[in-house]
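# Structure at a glance
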Amino acid sequence: LNALRITHGVMVEDGSAATLKALAGKAVKNDKFFHVPVELRGKRRDGREVVHSRAEVVLAAALPKPPAADRLPDVQPYPHPVDEVYRYFLFHGPDLHGIEKVDGLTETAFVATAYPAPPPGEWFQSPLRSAWVADPLVLDASFQMMILWSFAQHGAGSLPCFAGRYRQYRRAFPAGPVRVVIRVTRDNGQFARADIDYLDADGVVVAQVQDYECVIDRGLDQAFRRNQLAPRVKA
């Protein structure tokens, strides 16, 4: 992916459904690759169509070779256990509790491990594939880690708004936990930019996000606490 931009959040209200459309444009060849514009669209309450996100998908005949992993940053212990994190800092429900453990953090780094997602059949009624290409829980867990980093550094939550590049170096993520290494490259207290590496158990790079950007806002803390649906009741 190139230039993944979130333009309007998807609003899901308790007891209602949100209808989304995933659209792809014409593939255009650029050097050895095909570039495909894609959008996720929905509708506002007044019925007007809105673009929630857009990006450019890069198609290639073969996967690129992974770069060598950089040395892990030196980090300090993180003071909160994972169960406490989901109780007090993050709004994610049990299905999205993707952080396994936190190794530590600094002003410019965050290192942790993330659980892989269950098979698509557990999250979709009619999945298009039997297995994920990119692991959605690992990726989301890395964004959750950036929220924890922004709370630790600024006492405020954060939400992603842009990713410059996403590159994946194998056909699928590992079946076990993935180490996530975040290196913050810019931070002014209201905005942060970071590069994120996803490593397998042997320290080999599985995928990378470059120029991840998020907005940091103290008002998000209260919004996170409100942004929880009632627990599901199984029949």
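Let us look at the structure shown here. (Residues numbered from 1 in each chain as written. Predicted model: local features only at pLDDT ≥ 70, side-chain atom pairs only at ≥ 80, totals over all residues. Heavy atoms only, no water.)

### Describing the pairing of strand β10 (residues 191-199)
Remark: a regular strand shows side chains that alternate across the two faces of the sheet. Among the 9 residues that make up β10, 7 are buried, leaving the element largely enclosed by the rest of the structure. Both strand β9 (residues 178-187) and β10 contribute to a ladder of 8 bridges, which runs antiparallel. What sits directly across from R186, in β10, is R193. Between β9 and β10, which follow one another and run antiparallel, lie 3 residues, and G189 among them has a positive phi close to 90°. Of the pairings in the sheet, the one linking β10 to strand β11 (residues 205-217) comprises 8 bridges and is antiparallel in character. Residue pairing in the sheet places R193 in a bridge with E213 of β11. (Buried < 20%, exposed > 50% of the residue type's maximum accessible area, 1.4 Å probe, protein only. Helix = DSSP H or I, 4+ residues; strand = E, 2+ residues; numbered from the N terminus. Pairing = 2+ DSSP bridges.)

### Quick look at the layout of surface pockets
The computed volume of the second largest pocket comes to approximately 340 Å³. Taken together, 17 residues form the lining of the second largest pocket, with M11, A18, K43, R44 and R45 sitting closest to its centre. Among the elements of the structure, β4 (33-43) and β5 (49-59) are those that each provide at least two residues to the lining of the second largest pocket. For the lining of the second largest pocket, the class distribution of residues is 7 nonpolar, 6 polar and 4 charged. (1 Å grid on protein atoms, 1.4 Å probe; cavity = no way out; pocket = protein on both sides within 12 Å on 5 of 7 lines; lining within 4 Å. Points joined across faces, edges and corners; volume = space filled by probe spheres on them. Nonpolar A, V, L, I, M, F, W, Y, C, P; charged D, E, K, R; others polar.)

### Remarks on the pattern of salt bridges
Scanning all chains against the criterion turns up 10 salt bridges. Of the charged contacts in the structure, one is a salt bridge between R41 and E49, with a shortest N-O distance of 3.3 Å. Among the residues examined, E49 registers a relative accessible area of 41% and is labelled partly exposed. Across the pair D103 and R179 runs a salt bridge, and its minimum N-O distance is 3.3 Å. (Salt bridge = Lys/Arg side-chain N within 4 Å of Asp/Glu carboxyl O.)

### Regarding the packing of aromatic side chains
The tally for this structure, following the rule as stated, stands at 6 aromatic pairs. When the ring of F143 is compared with that of Y212, the centres are 5.2 Å apart and the planes differ by 20°; the resulting orientation is stacked. Pair noted here: F143 is in helix α2 (residues 136-154) and Y212 is in strand β11, with a separation of 69 residues, a long-range link. We classify F143 as partly exposed; its relative accessible area is 25%. Among the aromatic residues, those joined into a ring-pair cluster are W123, F124 and W132. (Phe/Tyr/Trp six-rings, centres within 6.5 Å; stacked < 30°, edge-to-face > 60°.)

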